[in-house]
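The lines below spell out each chain.
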Amino acid sequence: MAHRTHQLEVRTRGKGLYPFTRDVAAWVGAQGAATGLLTIFIQHTSASLVIQENADPDVCLDLADFFERIAPENDPRYRHTMEGSDDMPSHIRAGLTQTHLSIPIVGGRMALGTWQGIYVFEHRSAPQRRTLVLHLIG
Amino acid sequence: MAHRTHQLEVRTRGKGLYPFTRDVAAWVGAQGAATGLLTIFIQHTSASLVIQENADPDVCLDLADFFERIAPENDPRYRHTMEGSDDMPSHIRAGLTQTHLSIPIVGGRMALGTWQGIYVFEHRSAPQRRTLVLHLIG
Amino acid sequence: MAHRTHQLEVRTRGKGLYPFTRDVAAWVGAQGAATGLLTIFIQHTSASLVIQENADPDVCLDLADFFERIAPENDPRYRHTMEGSDDMPSHIRAGLTQTHLSIPIVGGRMALGTWQGIYVFEHRSAPQRRTLVLHLIG
């Protein structure tokens, strides 16, 4: 049994969900662990992680719209405005979703359901480079 | 130290929270690990996992109602409607809760607080069979 | 490779976010594990865990305000009222945030981003002693 870690960069181009299941699957496959536990950790508080349906892209658009409505920009009650109108909503949306995901490894692969994809949920308007840390014990 | 995995099916009968703490505790107990980490992963994006109060059943009813209000059915802004009016709200509610839970094992048992129960949160209206993957390292 | 567990108490003084990154970092550092996985688990359903920005304290205030608005006290639709007007909102807010966090250990330290802090999110109005279980495999 061994620990393996890896750093992954995901480039985003504004708000929305960015799939990166393939990048993770490729790294996991290369480690050759039959059974184990994978953890994905995002080193940011204005972007987050979600597992969502990978079939109809409208699901991701509707999901992003929901978060836009529930934690809107320019709410006059926000104190934290100095980093732009999209920053405080970003922190709220990150707080409502995930900073980390853990997925069991079974038979050498992530035990995802058929329709599950892994996404970076970018909450800022400008393009960003998001750093993820992968950890596998197996 | 060893990895153990197990597949668990939880049958649901429409929207709501379904406790399954006992099923998990039974499997964990049978593994005989004194110390470790348990991870529960649900292979769906229209049902999710939550840890909630196990004492007053009204808590689960109020929690379900809250999610019904915050991400209602039949919002005319949803694009993804082809799988039924309860499907897009399901994805949102799953996005707001958990796809996985990790719980330390201490003294051979899950280190849950006295009032904590583990639930499948079903978001679809029709009965479903939900598949969970358990992973224990210990 | 070994499992280590530790119990940590965080005292809160009413609603809000309480940083405890240092306490966790001190315990992790003392374990001497170069690589591993840390899991933090809170044994309560009316307080929760979040990773948020550690720079501008207004972020935590705005975040707490958001949860106050989205799941307000005294909603006449709540059934569960016998433990006080702040109890049911607490369960909802805990359901929307985290009961556990897992963070990879790289180079002997938690792989947190520069601006990430770890917080107990207290949802009750009265002071509480919150029990956290830390688990490290490394």
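These remarks concern the structure in this document. Since the model is a prediction, treat every value here as computed from it, not as a measurement.

## Focus: the overall build of chain A
Line of reasoning, step 1. The helix and strand tally for chain A stands at three helices and eight strands.
Line of reasoning, step 2. Across chain A, helices and strands are ordered from the amino to the carboxyl terminus as β-β-α-β-β-α-α-β-β-β-β.
Line of reasoning, step 3. Viewed in the frame of its principal axes, chain A has a C-alpha envelope of about 50 × 30 × 20 Å.
Line of reasoning, step 4. Counting over 138 residues, chain A shows a buried share of 62%.
Line of reasoning, step 5. Accessible surface for chain A amounts to roughly 5,200 Å². Of this, 48% is attributable to carbon and sulfur atoms.

## Quick look at the sheet that holds strand E7 (residues 116-122) of chain C
Residues and elements named next belong to chain C.
Line of reasoning, step 1. Spatial ordering of the open sheet is given by E2-E7-E4, a layout of three strands whose pairing is antiparallel. Both edges of this open sheet fall to strand E2 (16-19) and strand E4 (47-53), since each of them pairs with a single strand only. Going from strand to strand, the sheet's axes swing by 40° on average, the running direction of each strand aside.
Line of reasoning, step 2. With four bridges joining them, E2 and E7 adopt antiparallel strand pairing. By the bridge assignment, Tyr18 is partnered in E7 with Val120.

## Quick word on the interface of chain A and chain C
For interface size, the figure often reported is the accessible area lost on association.
Line of reasoning, step 1. On the side of chain C, 35 residues touch chain A, which itself brings 35 residues to the contact.
Line of reasoning, step 2. Of the roughly 2,700 Å² buried at the junction of chain A and chain C (both faces included), carbon and sulfur atoms supply 63%.
Line of reasoning, step 3. When the buried surface of chain A facing chain C is broken down by residue, His3, Phe41 and Arg79 of chain A rank first, second and third, together holding 22% of it.
Line of reasoning, step 4. Here chain A is connected to chain C by three salt bridges.
Line of reasoning, step 5. Remark: the boundary between chain A and chain C carries 13 residue pairs in polar contact (both at pLDDT 80 or more).
Line of reasoning, step 6. For the side of chain A that touches chain C, the secondary-structure elements that each account for two or more residues are strand E1 (3-12), strand E3 (36-42), helix H3 (87-96), strand E5 (100-106) and strand E8 (128-137) of chain A.
Line of reasoning, step 7. With seven residues, the top contributor of residues to the side of chain A that touches chain C is H3 of chain A.

## A closer look at the side chain of Thr39 of chain B
Line of reasoning, step 1. Here Thr39 of chain B shows up in strand E3 (residues 36-42).
Line of reasoning, step 2. Within the structure, the side chain of Thr39 of chain B is placed 3.0 Å from the side chain of Ser102 of chain B, a separation counted as a polar contact.

## Concerning helix H1 (residues 21-31) of chain B
All names here are of chain B.
Line of reasoning, step 1. Taken together, the buried positions of H1 are Val24, Trp27, Val28 and Gln31. The buried side chains of H1 occupy one side of the element, clustering within an arc of 100° when seen end-on. Looking at H1, the residues exposed on the side facing more than 90 degrees away from the buried face are Arg22, Ala26 and Ala30.
Line of reasoning, step 2. Looking at the buried positions of H1, the neighbouring elements they touch are strand E1 (3-13), E3, strand E5 (100-106), strand E6 (109-110) and strand E8 (127-137).
Line of reasoning, step 3. Taken from the residues just after H1, Gly32 is the one with a positive phi, measuring 70°.

## Things to note about the side chain of Thr97 of chain A
Line of reasoning, step 1. Inspection of the secondary structure puts Thr97 of chain A in the loop between H3 and E5.
Line of reasoning, step 2. Thr97 of chain A gets classed as buried once you look at its relative accessible area, which sits at 2%.
Line of reasoning, step 3. Within polar-contact distance, the side chain of Thr97 of chain A engages the backbone oxygen of Arg93 of chain A at 2.8 Å.
Line of reasoning, step 4. Not counting residues up to four positions away in its chain, the partners in contact with Thr97 of chain A are Ser48, Leu49, Val50, Phe67, Phe121 and His123 of chain A, Gly95 of chain B together with Gln98 of chain C.

Cut-offs and rules
Residues numbered from 1 in each chain as written. Chains lettered and ligands numbered in written order. Predicted model: local features only at pLDDT ≥ 70, side-chain atom pairs only at ≥ 80, totals over all residues. Heavy atoms only, no water. Helix = DSSP H or I, 4+ residues; strand = E, 2+ residues; numbered from the N terminus. Buried < 20%, exposed > 50% of the residue type's maximum accessible area, 1.4 Å probe, protein only. Areas by Shrake-Rupley, 256 points an atom, 1.4 Å probe, with all protein chains shown as cover. Pairing = 2+ DSSP bridges. Axes fitted to C-alpha atoms, helices over the stretch in contact; angles between N-to-C directions. Contact = heavy atoms within 4.5 Å. Buried area = accessible area lost by both parts, 1.4 Å probe. Salt bridge = Lys/Arg side-chain N within 4 Å of Asp/Glu carboxyl O. Polar contact = N/O pair within 3.5 Å; in protein donor to acceptor, adjacent residues only side chain to side chain. Arc of directions from axis to C-beta.

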